[in-house]
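Coordinate analysis (summary)
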Amino acid sequence: MKRSLIAIQDFSVEELQELMDTANDIIANPAKYSELCRGKKIATLFFEPSTRTRLSFEAAMLELGGAVIGFSEAQSSSAAKGESVADTAKVISCYADIIAMRHPKEGAPLVAAMNASIPVINAGDGGHNHPTQTLADLLTIYREKGHLGNLTVGICGDLKFGRTVHSLIAALSRYEGVRFVLISPEELKLPSYVKKEILKAKGIPYVQTTDLEAVMPELDILYMTRVQRERFFNEEDYLRLKDSYILTPDRLYNAKTDLCIMHPLPRVNEISVAIDDDPRACYFKQVLYGKYMRMALILKLLKEAGTL
Amino acid sequence: MKRSLIAIQDFSVEELQELMDTANDIIANPAKYSELCRGKKIATLFFEPSTRTRLSFEAAMLELGGAVIGFSEAQSSSAAKGESVADTAKVISCYADIIAMRHPKEGAPLVAAMNASIPVINAGDGGHNHPTQTLADLLTIYREKGHLGNLTVGICGDLKFGRTVHSLIAALSRYEGVRFVLISPEELKLPSYVKKEILKAKGIPYVQTTDLEAVMPELDILYMTRVQRERFFNEEDYLRLKDSYILTPDRLYNAKTDLCIMHPLPRVNEISVAIDDDPRACYFKQVLYGKYMRMALILKLLKEAGTL
Amino acid sequence: MKRSLIAIQDFSVEELQELMDTANDIIANPAKYSELCRGKKIATLFFEPSTRTRLSFEAAMLELGGAVIGFSEAQSSSAAKGESVADTAKVISCYADIIAMRHPKEGAPLVAAMNASIPVINAGDGGHNHPTQTLADLLTIYREKGHLGNLTVGICGDLKFGRTVHSLIAALSRYEGVRFVLISPEELKLPSYVKKEILKAKGIPYVQTTDLEAVMPELDILYMTRVQRERFFNEEDYLRLKDSYILTPDRLYNAKTDLCIMHPLPRVNEISVAIDDDPRACYFKQVLYGKYMRMALILKLLKEAGTL
């Protein structure tokens, strides 16, 4: 099995730093990288649609001078004819140098990696992992704050089902001095197993609250996520709660002046567009940094595979 | 907001001439242009399918040495998750150098242009505008006739809903000596506001008729469009009228020998395939010229954006 | 009409050898070929999905330095608006240098070839032809056995509807000393017209059997195909027969040590995954060889068209 990225924990802190260093160098000297993957191909195998993530991988490979093949939804794929993920991985290994796979089933990218003869990047598997989103998040924090430790990180919204949230907590828990402020309705609190396996196991300080306004002044980072109507047991609770977790300019009155506001996108209405021009809004920078981290990741995996 | 093309009126007559000059030079010296966009990307964001238009943009960018990312229908896009056009434009600005957007809603490409940090080309928005089709039409007339003024232009078929027709009339109305012959069933006549705002406002001569045969001898250009069954209030009228607006070889008996027959394609049966080999049939040339005008347009907008 | 590949019989034995020689040279010296199609484009027009075939063509063109445009299913295409295949072929001729077309209707690629001004490759038309699969099959046998004649070729499964089977029989029938062993349930026997027009007409020896185990020791090649439930008149027959045509490791006990096991993929369960690591399993090699034959084919057709 070639070195792959299935979960963010697959990479050591040193390796994450290496990726961020590469990404920063790409940002500073893009021309140095623009032909490195000439003649190489990424296969974007998206068994469910995710335009933003897919286009990020494709832009990343193209900016390295490489090319793209793939599909953007399952009905266009051989899977519709009953082919297994293992077989698809073996077939695609004949066509491309690296795979980015999105799949509705948890574990599918791991199965692909175990059967492919080329590296596989998990581009999101069900509610499980989405490690390249976490790479984007880490570079955003690193560039905005200059470091990844010694931060009070607020995470707001759906902490129960949001896979990006769990990956981000796992990743940041490896840095010194991180403290989490978990802001959510009761129904969408961080699952116990995440608290137990990560936060408590490592002795990471955290607080849980339903009140965004009360904790706003403490936050260095505010990571917003979407509160989806379908997560609630009854409509009443949803209507009562939904506005509490929408970020508007007036809710920032007591926030730090160097707060960094993040969101994995797409947003629906969790962050008012009136905040877009606030210098603390970092969610579109996240998109850009995500592309650079994917470039760094492609380079790292192709080098470890001996392809570059 | 970067210089974009939302409606054909966004460009002056001088700018249209500049695009046609560039297109003619590309046709004469393709090799001169084949690497100009190396390292640049167009994003083809097609929220509704339009294969011909999408592939024309993609071929155009590839023939300039650039690359392509994008999607071909809305269900593959983040829009399915409720993302706004404004957010999509901001995100895609992180991935590409220029956008070509097709959208079922009028005005969507303008919203995109107002939010993107890169140029946006309207590749068709609802029944509203389709300016790159008009660019193709103009180059076709210019190359076939040697000039864009002093022409009798027949437009036949659905003049009420056909967006390409309204754009073409708006564009040609800016040239000296153009006269329009508007041929359609009563039900599908050119809307009053187009006559008032463009033809009457500028004192452009025009006649309206239901009889293609009677006016055929006068025409320098015959622009055919599709008469769609669903535009008629009752089936009887449709059946009575549909054959009057189908071009067959025998209907050309009194046409000029240098008539230029055009159609925006796809055609269903508005022009008999028996006409395809007639030297007056220009509708496949239109396709080719559309590609060259899109190449010229991409170059112009990327230069104005400072990307080239 | 430009030289195209609609059915495997379009190419002489000498031309097939030429393609295999080119493919072998590409495998030996890929760098020699990596820029030959710079500036050229293949249009992959897939009116029905077939990911594996489409990606094979796209990878082939990219490895020659060329580029790709196209669509992966009919609903994204102008066909949904009623455009004829003939018109699509004329339009695409303005955008690309060669077409690979998959279409649910038999004969559609031929219609395209008759109307295009560029070469057309049939990438599968209904139950009719799929000649590039046969090219993959031929190179696999040639590389595994060193020659295409003097072989006992077992073909197992659905011999009635499997188009790859009919093409393969037609192709191999042109080599000396080939003998066929046709293994299938009664319901799915090779159609009489194939036996009459090819096997009997040329005096090719063949046997028909329902018993895979009994004939296994004789086989040099075992070409497996899928037995589809919907091909059977009643469920009972299907359930009774389906397991007889599934290849498992224990069924290979009396097979030759240099047997070559093939399958056009995707497989569902016709070949047990336990066989994948057996050195006699050649079905993933087939995928790789298919790419190289498509590269050789693109080069040949572009050269004959005067494009290269």
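Residues numbered from 1 in each chain as written. Chains lettered and ligands numbered in written order. Predicted model: local features only at pLDDT ≥ 70, side-chain atom pairs only at ≥ 80, totals over all residues. Heavy atoms only, no water.

Contacts between the two partners involve 26 residues from chain C, matched on the other side by 21 residues from chain A. Summed over both sides, the interface between chain C and chain A buries roughly 2,000 Å², with carbon and sulfur atoms accounting for 55% of that surface. Summed over the three residues of chain C that lose the most area to chain A, namely C:Thr51, C:Leu55 and C:Phe284, the buried surface amounts to 25% of that side. At the boundary of chain C and chain A, one finds 3 salt bridges. In this structure, the connection of chain C to chain A is made through 6 residue pairs in polar contact (both at pLDDT 80 or more). For the side of chain C that touches chain A, the elements supplying multiple residues, two or more each, are helix H2 (51-63) and helix H10 (283-304) of chain C. For the side of chain C that touches chain A, the element with the highest residue contribution is H2(C), accounting for 9 residues. Each residue belonging to the side of chain C that touches chain A can be placed in one class, and the counts come to 10 nonpolar, 5 polar and 11 charged. (Contact = heavy atoms within 4.5 Å. Buried area = accessible area lost by both parts, 1.4 Å probe. Salt bridge = Lys/Arg side-chain N within 4 Å of Asp/Glu carboxyl O. Polar contact = N/O pair within 3.5 Å; in protein donor to acceptor, adjacent residues only side chain to side chain. Helix = DSSP H or I, 4+ residues; strand = E, 2+ residues; numbered from the N terminus. Nonpolar A, V, L, I, M, F, W, Y, C, P; charged D, E, K, R; others polar.)

Turning our eyes to something else, we now look at the domain arrangement of chain A. Residues and elements named next belong to chain A. By the assigned domains, chain A splits into domain 1 (8-129 + 290-304) and domain 2 (131-286). One C-alpha centre belongs to domain 1, the other to domain 2; they are set 26 Å apart. Taken together, the contact pairs 28 residues of domain 1 with 21 residues of domain 2. Looking at the side of domain 1 facing domain 2, the largest losses of area belong to Ile8, Met20 and Arg52, adding up to 29% of the total buried there. Scanning the region where domain 1 abuts domain 2 turns up 7 residue pairs in polar contact (both at pLDDT 80 or more). (Domains from an automatic or database assignment.)

What follows deals with the relation of the copies chain B and chain C. Once turned by 120 degrees and shifted 0.0 Å along the axis, chain B lies on chain C with an RMSD of 0.0 Å. Viewed as a symmetry operation, the transformation between the two copies matches a three-fold axis. Judged by C-alpha distance, B:Ala67 is the residue of chain B that lies nearest the rotation axis, at 5.1 Å. (Least-squares fit on C-alpha atoms with pLDDT ≥ 70 in both.)

The subject of this paragraph is unusual backbone geometry. For the bond running from A:Leu265 to A:Pro266, omega is -5 degrees, close enough to zero to count as cis. Of note, A:Pro266 is situated in the loop between strand E9 (260-262) and helix H10 (283-304). The phi dihedral of A:Leu265 is positive, around 55 degrees, even though this residue is not glycine. By the secondary structure assignment, A:Leu265 is in the loop between E9 and H10. Classification of A:Leu265 as buried rests on a relative accessible area of 6%. Notably, B:Asn150 is not glycine yet its phi reads approximately 50 degrees, a positive angle. Within the secondary structure, B:Asn150 sits in the loop between helix H5 (131-145) and strand E5 (152-156). Look at B:Asn150 and you get exposed, because its relative accessible area is 60%. (Buried < 20%, exposed > 50% of the residue type's maximum accessible area, 1.4 Å probe, protein only.)

So, about the pattern of salt bridges. Within the structure shown, the criterion is met by 60 salt bridges over all chains. One salt bridge in this structure joins A:Lys41 and C:Glu63, with 2.6 Å as the shortest N-O distance. Separated into two different chains, A:Lys41 in strand E1 (residues 41-46) and C:Glu63 in helix H2 make up a pair that spans both. A single network of salt bridges, built from pairs that share partners, joins A:Arg3, A:Glu15, A:Glu18, A:Lys300 and A:Glu304.

Let's shift gears to the interface of chain B and chain C. Contacts between the two partners involve 26 residues from chain B and, on the opposite side, 21 residues from chain C. Each partner contributes to the roughly 2,000 Å² buried at the junction of chain B and chain C, and carbon and sulfur atoms together form 55% of this total. The tally of links between chain B and chain C comes to 3 salt bridges. C:Asp87 serves as the salt-bridge partner of B:Arg267, at 2.6 Å between the closest nitrogen and oxygen. Where chain B meets chain C, there are 6 residue pairs in polar contact (both at pLDDT 80 or more). Elements that contribute at least two residues to the side of chain B that touches chain C include exactly helix H2 (51-63) and helix H10 (283-304) of chain B. The dominant element in the side of chain B that touches chain C, judged by the number of residues it contributes, is H2(B), at 9 residues. In the side of chain B that touches chain C, the residues fall into 10 nonpolar, 5 polar and 11 charged.

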